[in-house]
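Chain residues, written in single-letter form:
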2 protein chains.
Amino acid sequence: MTAPKLIATLTDSSPRADARAADAGDVACCGTLTTDVAMGREQAEATAYLLKAVADPVRLQLLSLIRSSKGQEACVCDLTPAVGLSQPTVSHHLKVLTEAGLVTRERRGTWAWFRLVPSRLDDLAAIFR
Amino acid sequence: MTAPKLIATLTDSSPRADARAADAGDVACCGTLTTDVAMGREQAEATAYLLKAVADPVRLQLLSLIRSSKGQEACVCDLTPAVGLSQPTVSHHLKVLTEAGLVTRERRGTWAWFRLVPSRLDDLAAIFR
DNA sequence: CGGCCACATCGATGTTTGTCAATATCGATG
DNA sequence: CATCGATATTGACAAACATCGATGTGGCCG
């Protein structure tokens, strides 16, 4: 699979209201943590996968460029000079974004057009509430 | 500097209403992109720096664990067994989160307590609207 | 069909990153 | 002060990643 979808958020497992102050006066430390409500390893992996896709300055620029383009779409021939990198590199970054489900690719004649996937961007925003 | 703060969002530079359909019927491609409204390289670097801090499964788990802890704080002695990695590794990840401004570190006696920084998490959510 | 253009893939390379063992620091306590 | 427990730092190493040049692929057009 290319785009795992089990995205977790930091807030959907609400802080334990029942995990209130332990009897003692906060002096103790180790052993007071409840691991069962927190994000599991698998969820964390899937979420990190999505975040890694956007945790790169070039890919952020690409997303921003696509968004500010007319029709919210852009092709490699426009994006390449805009970020100042080689064409293979830009193509690589666009592939990462595509595999993460953040953009779609559509071949129209000789050019490949890329568009944002709003729902996937919503997923990103939702991670941090 | 450890925590750059010039965070950019994908939406604050709104899509150009004035960059409407070019006269032709969408046949042309190259040269139709307006780079001046999009995210600049420096903003992209600063934003990517913050995103890199959370684009790791272990660090996501740590944030989630801290959040679901009583008092929204936790120490290394609790976090280490919870993620199943060595103590130096956990300490390293917590340092990354601290330098990104996502958590604060407070030494209380022998232990180091970590808390979330809500405003910084808001910054993250704001990137994607 | 033959060439050309936009784009994708491959292979190589230098850099960054996650991890651990070993060691150092820091604070409490006897 | 000597020691011990909790945490931080260092050094080393392997895996992952960003980048580019070279090459492959897929459509247009003469």
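Analysis parameters
- Residues numbered from 1 in each chain as written.
- Chains lettered and ligands numbered in written order.
- Predicted model: local features only at pLDDT ≥ 70, side-chain atom pairs only at ≥ 80, totals over all residues.
- Helix = DSSP H or I, 4+ residues; strand = E, 2+ residues; numbered from the N terminus.
- Buried ≥ 20, exposed ≤ 12 C-beta atoms within 10 Å, placed from the backbone.
- Contact = placed C-beta atoms within 7 Å.
- Least-squares fit on C-alpha atoms with pLDDT ≥ 70 in both.
- Near = placed C-beta within 6 Å.
- Nonpolar A, V, L, I, M, F, W, Y, C, P; charged D, E, K, R; others polar.
- Pairing = 2+ DSSP bridges.
- Axes fitted to C-alpha atoms, helices over the stretch in contact; angles between N-to-C directions.
- Arc of directions from axis to C-beta.
- pLDDT = per-residue confidence, 0-100.
- Core = buried A, V, L, I, M, F, W, Y, C linked by C-beta atoms within 7 Å.

## Some thoughts on the overall build of chain A
Across its full length, chain A carries five helices and three strands. The linear arrangement of helices and strands in chain A, starting from the amino end, is α-α-β-α-α-β-β-α. Counting every position in chain A, which comprises 129 residues, the buried fraction comes to 36%. Counted over contacts in chain A with a minimum sequence separation of 6, partners at least 24 positions apart contribute 59%.

## Notes on the relation of the copies chain A and chain B
Note: a rotation about an axis with an accompanying shift along it relates these two copies of the chain. With an axial shift of 0.0 Å and an RMSD of 0.1 Å, the rotation relating chain A to chain B amounts to 180°. What the superposition gives is, in effect, a two-fold axis relating one chain to the other. Taking C-alpha positions as the reference, the residue of chain A nearest the rotation axis is A125 of chain A, at 2.4 Å.

## A short note on the protein's contact with DNA strand C
Close to DNA strand C lie 25 residues; C75, C77, P88 and S91 of chain A together with T89 of chain B are nearest. Where the surface near DNA strand C is concerned, the elements lending two or more residues are α3 (76–83), α4 (87–99) and β3 (111–116) of chain A together with α4 (87–99) of chain B. The leading source of residues in the surface near DNA strand C is α4 of chain A, at six residues. Across the surface near DNA strand C, the residue classes break down as eleven nonpolar, nine polar and five charged.

## Digging into the protein's contact with DNA strand D
Not every one of the 24 residues close to DNA strand D is listed here, only the nearest: S86, T89 and G109 of chain A together with C77 and P88 of chain B. Looking at the surface near DNA strand D residue by residue, the classes come out as eleven nonpolar, nine polar and four charged.

## With respect to the interface of chain A and chain B
Every contact between the two is made by 48 residues of chain A and, on the other side, 48 residues of chain B. Counting only elements with at least two residues in the side of chain A that touches chain B, the list comes to α1 (41–54), α2 (57–67), β1 (73–75), α3 and α5 (118–127) of chain A. Ranked by the residues each element gives to the side of chain A that touches chain B, the list is headed by α1 of chain A, at eight residues. Its residues placed into classes, the side of chain A that touches chain B shows 28 nonpolar, ten polar and ten charged.

## Examining the sheet that holds β1 of chain A
Residue and element names in this part refer to chain A. Read from one edge to the other, the open sheet built from three strands follows the order β1-β3-β2, with strand pairing classed as antiparallel. Bordering the open sheet on either side are β1 and β2 (103–108), each of which pairs with just one other strand. This sheet shows a mean twist of 30° between the axes of neighbouring strands, independent of strand direction. Of the pairings in the sheet, the one linking β2 to β3 comprises six bridges and is antiparallel in character. Within β3, the position partnered with R108 by the bridge is W111. Taken strand by strand, α3 contacts β1 and β3, and its axis lies near 80° from that of β1.

## Considering α5 of chain A
Residues and elements named next belong to chain A. Buried within α5 we find R120, L121, L124 and I127. When α5 is viewed along its axis, its buried side chains cluster within an angular range of 110° and face the same direction. In α5, the exposed positions angled more than 90 degrees off the buried face are occupied by S119 and D122. Lining the buried residues of α5 we find α1 and β3. One or two residues past the end of α5 sits R129, with phi positive at roughly 90°.

## Section: the confidence of the model for chain A
Interpreting fine coordinate detail is not advised for predicted regions of low pLDDT. All names here are of chain A. Across chain A, pLDDT averages 87, with 84% of residues at or above 70. By mean pLDDT, the top-scoring element of chain A is α4 (98), and the lowest-scoring one is β1 (95). Within the model, the stretch residues 17–25 combines pLDDT values under 50 with six contacts to residues more than four positions away or in other chains.

## Focus on the sheet that holds strand β3 (residues 111–116) of chain B
Residues and elements named next belong to chain B. Pairing is antiparallel in the open sheet, where three strands are placed in the order β1-β3-β2. Among the strands making up the open sheet, the edge pair consists of β1 (73–75) and β2 (103–108). Taken over all neighbouring pairs, the strand axes of this sheet differ in orientation by 30° on average, direction set aside.

## Details of the environment of D56 of chain B
Assignment of secondary structure puts D56 of chain B in the loop between α1 (41–54) and α2 (57–67). With ten residues separating them in the primary sequence, D56 of chain B and I66 of chain B have C-alpha atoms 16 Å apart.

## Some words on the nonpolar core
Grouped together as the largest cluster of nonpolar side chains are 69 residues, with contacts concentrated most on L51 and L62 of chain A together with L51, L62 and I66 of chain B. Apart from the residues lying within four places of it in its own chain, the contact partners of L51 of chain A are L51, V54 and A55 of chain B.

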